[in-house]
Amino acid sequence: MSTIRVAIVGLGKIARDQHLPAIARSEDFELVAIASRSATADAVPSFATLEDLIGSGIALDAVSLCTPPQGRHAIARAAIDAGLHVMLEKPPGASVSEVHDLAEAAKARGVSLFASWHTRAAPAIEPARALLAERNIESVKIVWREDVRRWHPGQEWIWEPAGMGVFDPGINALSAATRILPRALFLSDALLSFPENRVAPIAARLSLSDAAGTPIDADFDWRETGPQSWDIHVATKEGPVLLSKGGAALQVNGETVIDGGEIEVEYPNLYARFAELVRGRNSDVDLAPLRLVADAFMLGRREPVEAFFE
Ligand code: NAP
């Protein structure tokens, strides 16, 4: 089977840390170019914009968009219109409606669109989903607490509109919860904490539920300088289930059954899925996590908190 010629758009932290190594290890993909305003890669030609890259005539089948969500739609739309398959980093866009537009455009053009959720590709996610399908769930507590200064140094876009603030990591928790829990989730209440000098929240408390009335609470906080948590605690009649390390580890009734740390499997898994979609001419665009974030901004009460300076 021929390799899929892919270009990366937006050569920043995640592109360098995860996408380049995952593509290099993949037998499905060959990196043929980069489009990034200021960054270049050594091994392949680099262009400032996707437009320049397409105009160069380099043979290309697909693009992987690693830019921030702001501006993602215009780039993705140009790629689709040029007949390219598109993989989107999470979150897939700056708004729900613009990603719907991309899904429709991809369908009309006959190309694949993959709205990727890297946390869903972590090793304990599918085992947790299978386990929870067999259990009686009583309640869920999501704890996603990290230090923004440690994980997002110098990233101003996360504080801008559509940067989503603490929902940038929080949407990963929601992508995991909407995959491992058996019923669709909806939001009933939210409290969003906005630093008085910022337009994006630094913390959020969410109350969610599902059709069975299961109480699901989420605690997202970017001010955590102690132990960092990326955990989902599920109380079931049959005993506790803990998904931790951002989906890499699983404890069942107090016993460790998967002890990940194998976070590097996420991006190889994502590219394997993208290859499968491209070869089958299918798309995978699940917007449930993005919808819940949009709902939190729509329903959430707001409180001002201490100003944030990096
Ligand atoms: P980043 O380090 O800021 O890199 C993004 C790159 O996109 C920049 O280096 C920049 O390269 C380009 N870009 C294009 N338009 C931009 C704009 N308006 N503002 C800033 N940069 C712009 O961000 P990142 O951490 O790689 O995150 C990118 C996406 O991946 C986000 O959606 C994020 O949620 C997701 N993600 C990040 C991580 C992580 O650990 N960092 C993990 C998983 C997913 P040029 O200046 O060369 O154009």
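Since we're looking at a predicted model, the values are computed, not measured. (Residues numbered from 1 in each chain as written. Predicted model: local features only at pLDDT ≥ 70, side-chain atom pairs only at ≥ 80, totals over all residues. Heavy atoms only, no water.)

Caption draft 1: Looking closely at the pairing of strand β12 (residues 241–244). Burial along β12 is two-sided: the face carrying Val241 and Leu243 and the face carrying Leu242 and Ser244 are both buried. Connecting strand β11 (residues 229–236) to the next strand, β12, in antiparallel fashion are 4 residues, including Gly239 with a positive phi near 125°. Pairing of β12 with strand β13 (residues 249–252) involves 4 bridges; the strand directions are antiparallel. Each residue of the ladder has a partner; that of Leu243, found in β13, is Leu250. Following β12, the chain reverses through 4 residues before pairing antiparallel with β13; Lys245 in that reversal takes a positive phi of roughly 50°. (Buried < 20%, exposed > 50% of the residue type's maximum accessible area, 1.4 Å probe, protein only. Helix = DSSP H or I, 4+ residues; strand = E, 2+ residues; numbered from the N terminus. Pairing = 2+ DSSP bridges.)

Caption draft 2: Quick peek at the packing of helix α3 (residues 72–81) against helix α4 (residues 96–109). As a packed pair, α3 and α4 sit with axes 9 Å apart at the nearest point and diverge in direction by 5°. Taken together, the axis directions place α3 and α4 in an arrangement best described as roughly parallel. Contacts from His73, Ala76, Arg77, Ile80 and Asp81 of α3 reach α4 at Glu98, Asp101, Leu102, Ala105, Ala106 and Arg109. Considered class by class, the residues forming the contact of α3 with α4 number 5 nonpolar, 1 polar and 5 charged. (Axes fitted to C-alpha atoms, helices over the stretch in contact; angles between N-to-C directions. Parallel < 35°, antiparallel > 145°, perpendicular 65-115°, else oblique. Contact = heavy atoms within 4.5 Å. Nonpolar A, V, L, I, M, F, W, Y, C, P; charged D, E, K, R; others polar.)

Caption draft 3: Up close: the sheet that holds strand β6 (residues 113–115). Spatially, β3-β2-β1-β4-β5-β6 is the arrangement adopted by the 6 strands of the open sheet, whose pairing is parallel. Edge positions in the sheet fall to β3 (46–47) and β6, since each of these pairs with one other strand and no more. In terms of strand pairing, strand β2 (residues 29–35) meets β3 through 2 bridges, oriented parallel. If you follow Ile34 over to β3, its bridge partner there is Ser46.

Caption draft 4: Molecular detail of unusual backbone geometry. Omega for the bond connecting Lys90 with Pro91 falls within 30 degrees of zero, at -15°, which places this linkage in the cis form. One can find Pro91 in the loop between β5 (85–88) and α4. With a phi close to 50°, Asn253 is a non-glycine residue in the positive phi region. With respect to the element layout, Asn253 can be found in the loop between β13 and β14 (255–259). For Arg281, which is not glycine, the phi torsion reads 55° and is therefore positive. When you line up the elements, Arg281 lands in the loop between α8 (266–280) and α9 (288–299).

Caption draft 5: Region of interest: the packing of aromatic side chains. Inspection of the entire model under this criterion finds 8 aromatic pairs. Each ring, one from Trp159 and one from Trp222, has its centre 5.3 Å from the other, and the planes form 55°; the classification is tilted. Of this pair, Trp159 sits in the loop between α6 (148–151) and α7 (167–180) while Trp222 sits in the loop between β10 (216–221) and β11, and the two are 63 residues apart along the sequence. Take Trp159 and Trp222: they sit in the same class, and that class is buried. The structure contains a cluster of three or more aromatic residues connected by ring pairs, namely Phe29, Phe114, Tyr271 and Phe274. Geometry around Trp159 places Arg198 over its ring, the cationic atom sitting 5.0 Å from the centre. (Phe/Tyr/Trp six-rings, centres within 6.5 Å; stacked < 30°, edge-to-face > 60°. Lys NZ or Arg CZ within 6 Å of the ring centre and 35° of its normal.)

Caption draft 6: Up close: the pattern of salt bridges. Tallied over the full model, the rule gives 19 salt bridges. Among the salt bridges present, the one from Asp286 reaches Arg120, with a minimum N-O distance of 3.0 Å. Taken as a pair, Asp286 in the loop between α8 and α9 and Arg120 in the loop between β6 and α5 (125–133) lie far apart in primary sequence, 166 residues in all. What makes Asp286 partly exposed here is its relative accessible area of 28%. (Salt bridge = Lys/Arg side-chain N within 4 Å of Asp/Glu carboxyl O.)

Caption draft 7: Structural detail: the layout of surface pockets. Here the largest pocket is characterised by a volume of approximately 1400 Å³. As for the largest pocket, its lining consists of 46 residues, and the residues nearest its centre are Lys13, Ile14, Glu89, His152 and Gln155. Of all the elements in the fold, those that place two or more residues in the lining of the largest pocket are α1 (13–25), α2 (50–55), α3, α7 and α8. Built from parts of two domains, the lining of the largest pocket gets at least three residues from each of domain 1 (4–115) and domain 2 (119–261 + 295–305). Size it by volume and the second largest pocket reaches roughly 380 Å³. What lines the second largest pocket is a set of 17 residues, among which Arg120, Ala121, Glu126, Arg179 and Asp284 lie closest to the centre. A total of 3 residues in the lining of the second largest pocket trace back to one element, the largest contributor, which is α8. Of the residues contributing to the lining of the second largest pocket, the split by class is 8 nonpolar, 3 polar and 6 charged. (1 Å grid on protein atoms, 1.4 Å probe; cavity = no way out; pocket = protein on both sides within 12 Å on 5 of 7 lines; lining within 4 Å. Points joined across faces, edges and corners; volume = space filled by probe spheres on them. Domains from an automatic or database assignment.)

Caption draft 8: Spotlight on the side chain of Arg72. Note on placement: Arg72 falls in helix α3. Nearest to the buried, unbridged Arg72 among oppositely charged side chains is Glu89, at 6.3 Å. Those residues within four positions of Arg72 in sequence are excluded, and the remaining contacts are Leu65, Thr67, Leu88, Glu89, Lys90, Pro91, Pro92 and Gly93. (Lys, Arg positive; Asp, Glu negative; His and termini not counted.)

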